[in-house]
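# Per-entry structural report
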Amino acid sequence: MVDNDANKKYLMNRAVILKKLDRIDELLTLPAIAMEVNGMLRDYNVSTKRLSDTIEKDQAIVSKILRLVNSAFFGFQSKINSIPHALMVLGFNSVRNAVMSISVIDALSMKNIPKGFDIREFWKHSIAVAVTSKRIAEKTRLYIPGDCFIGGLLHDIGKVILAQFFGDILIEILKLSHGEGRSFSSAEKEIIPIGHDQIGGYLAKQWHLTPDMVDAIRYHHSKAVRIYNIELLVVVHTADYIVNHFNPDFDQMIMTPELRKDAEDLMKKQLDTVNEWFPEVSDEIETACDFFLCEIRK
Ligand SMILES: [Fe+2]
Ligand SMILES: [Fe+2]
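In what follows, the accompanying structure is described.

## Section: the nonpolar core
- Ranked by size, the top nonpolar core spans 104 residues in total, and within it Ile55, Trp123, Ile127, Leu154 and Phe292 carry the most contacts.
- Here this core takes 10 residues from helix α7 (residues 119–140), the largest share from any one element.
- With near-sequence residues (within four places) excluded, Trp123 lies in contact with Val104, Ile105, Leu108, Ser109, Leu153, Ile157, Leu293 and Ile296.

Below, the structure written as structure tokens:
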């Protein structure tokens, strides 16, 4: 990647940022259980028993998963009372996604968040994009809905890295964007040469997420020339746009022209009818926020 504007005075240059990211060991630690479960699900020979045993090593996660699968978010009539039972009823992917969602939100919500960055609002936005991405995938059948949920949940994860390890920089970006009524991304471009999208993509790679997922995070504000799989990226980008459009107080995002074109090719009907279907998704977003954010300080 080339820094296009060598004369620009950034608050911190690209090399320093990357060096600092490389030294942060904690970045590698997507909670061990999520790493393990994520790796396992790419291996088709894994048995339900091995997967249950792995999850059951962490009792805190077990109780949260059971609370989640029995919550209004999943809306099952009968009670699910164990991990093997959850796997049987919901399938591997849903359980993997539950483990990922719970552990990522837990791991990245408590530490070193600077005053001035509202982590609760951040997760509300991410959950809204997750639920909306999932809904778009269900409507269009462009990509696996559960993976779209995770893509939406993680798309802005680079902002949490900025918050935790580059707090002063993040505060400057927020000041500029709020002060001048500009989008986060455009303010960010003035302050640092590497954005939250690239930082998030870097993190996703460290976590050994799939190449599609890395690309969806890395390019959610700018499409690269060569993308391994365009569908997940377009779903997440469109969901991000829709959520911001309905809540302009959070960010003033505009669609990237190339991605808008892809979105129009792939999901014109959903874009044209968004005013009809989005209010319904809002209810689901609220239910998901109630569950995932109950432990995050107000
Ligand atoms: Fe973003
Ligand atoms: Fe976003």
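So, next bit.
## Structural notes on helix α13 (residues 211–218)
- Here α13 lies mainly inside the structure; 7 of its 8 residues are buried.
- Here the buried face of α13 lies against α8 (145–154), α12 (196–206) and α14 (230–246).

## Observations concerning the pattern of salt bridges
- Overall, the coordinates contain 17 salt bridges when judged by the stated rule.
- Notably, a salt bridge pairs Lys134 with Glu284, separated by 3.0 Å at the nearest N-O pair. Of this pair, Lys134 sits in helix α7 while Glu284 sits in helix α16 (residues 274–292), and the two are 150 residues apart along the sequence.
- The buried category is assigned to Lys134, whose relative accessible area is 18%.
- Looking at Glu284, the relative accessible area reads 16%, which means it is buried.

## So, the environment of Ser109
- Within the secondary structure, Ser109 is located in the loop between α6 (92–107) and α7.
- By relative accessible area, which is 2% here, Ser109 ends up buried.
- Separated by 33 residues in the primary sequence, Ser109 and Phe76 place their C-alpha atoms 28 Å from one another.
- Excluding its chain neighbours within four sequence positions, the residues that come into contact with Ser109 are Ile119, Trp123 and Ile296.
- Polar side-chain contacts of Ser109 include one of 2.4 Å to the backbone oxygen of Ile105.
- In terms of polar contacts, Ser109 uses its side chain to reach the side chain of Trp123, at 2.9 Å.

## Some words on unusual backbone geometry
- One non-glycine residue, Arg141, lies in the positive phi region at around 55 degrees.
- For Arg141, the location among the structural elements is in the loop between α7 and α8.
- Of note, His208 is a non-glycine position whose phi angle comes to about 60 degrees, a positive value.
- A relative accessible area of 52% places His208 in the exposed class.

## Here's the deal with the coordination of the iron ion (ligand 1)
- The protein atoms donating to the iron ion (ligand 1) are Asp156 (OD), His196 (NE2), His220 (NE2) and His221 (NE2), with metal-donor distances spanning 2.0 to 2.2 Å.
- Viewed at the metal, the 4 donor atoms of the iron ion (ligand 1) are separated by angles of 84 to 174 degrees, and the geometry they form is irregular.
- Positions of the donor residues of the iron ion (ligand 1) along the chain correspond to the pattern D-x39-H-x23-H-H.
- The metal-metal distance between the iron ion (ligand 1) and the iron ion (ligand 2) is 3.9 Å, with Asp156 serving as a donor to both. In this pair, His196 is assigned in helix α12 and His220 in the loop between α13 and α14, connecting sequence segments 24 residues apart. Judged on exposure class, the residue His196 and its partner His220 are both buried.

## Some remarks on the coordination of the iron ion (ligand 2)
- Within the protein, the atoms that donate to the iron ion (ligand 2) are His125 (NE2), His155 (NE2), Asp156 (OD) and Asp240 (OD), at distances of 2.2 to 2.4 Å.
- Taken together, the 4 donor atoms coordinating the iron ion (ligand 2) and their angles of 82 to 172 degrees define a geometry best described as irregular.
- All donors of the iron ion (ligand 2) belong to a single chain; written as a sequence motif, their spacing is H-x29-H-D-x83-D.

## Observations regarding the packing of aromatic side chains
- The full count for this structure, using the stated rule, is 9 aromatic pairs.
- Consider the rings of Phe117 and Phe122, whose centres lie 5.9 Å apart with planes at 45 degrees: the pair is tilted.
- Taking the relative accessible area as the measure of exposure, Phe117 reaches 11% and is therefore buried.
- Centroid distance Phe149 to Phe292: 6.5 Å. Interplanar angle 40 degrees. Geometry classified as tilted. In this pair, Phe149 is assigned in helix α8 and Phe292 in helix α16, connecting sequence segments 143 residues apart.
- Within the aromatic cluster, the residues linked to one another by ring pairs are Phe73, Phe74, Phe149, Phe291 and Phe292.

## Notes on the packing of α12 against α13
- Between α12 and α13, whose axes approach to 7 Å, the crossing angle comes to 165 degrees. Taken together, α12 and α13 sit at an angle that is classed as roughly antiparallel. Relative to α13, the crossing made by α12 is right-handed. On the side of α12, the interface is formed by Asp197, Gln198, Gly200, Gly201, Ala204 and Lys205, while α13 contributes Val214, Ile217 and Arg218.
- Across the contact of α12 with α13, the residue classes tally to 3 nonpolar, 3 polar and 3 charged.

The rules behind the values
- Residues numbered from 1 in each chain as written.
- Chains lettered and ligands numbered in written order.
- Predicted model: local features only at pLDDT ≥ 70, side-chain atom pairs only at ≥ 80, totals over all residues.
- Heavy atoms only, no water.
- Core = buried A, V, L, I, M, F, W, Y, C linked by side-chain atoms within 4.5 Å.
- Buried < 20%, exposed > 50% of the residue type's maximum accessible area, 1.4 Å probe, protein only.
- Helix = DSSP H or I, 4+ residues; strand = E, 2+ residues; numbered from the N terminus.
- Contact = heavy atoms within 4.5 Å.
- Salt bridge = Lys/Arg side-chain N within 4 Å of Asp/Glu carboxyl O.
- Polar contact = N/O pair within 3.5 Å; in protein donor to acceptor, adjacent residues only side chain to side chain.
- Donors = N, O, S within 2.8 Å, 3.2 Å for Na, K, Ca; no water.
- Tetrahedral: all angles 85-135°; square planar, octahedral: opposite > 155°, others 65-115°.
- Phe/Tyr/Trp six-rings, centres within 6.5 Å; stacked < 30°, edge-to-face > 60°.
- Axes fitted to C-alpha atoms, helices over the stretch in contact; angles between N-to-C directions.
- Parallel < 35°, antiparallel > 145°, perpendicular 65-115°, else oblique.
- Left-handed = near helix turned anticlockwise from the far one by under 90°.
- Nonpolar A, V, L, I, M, F, W, Y, C, P; charged D, E, K, R; others polar.

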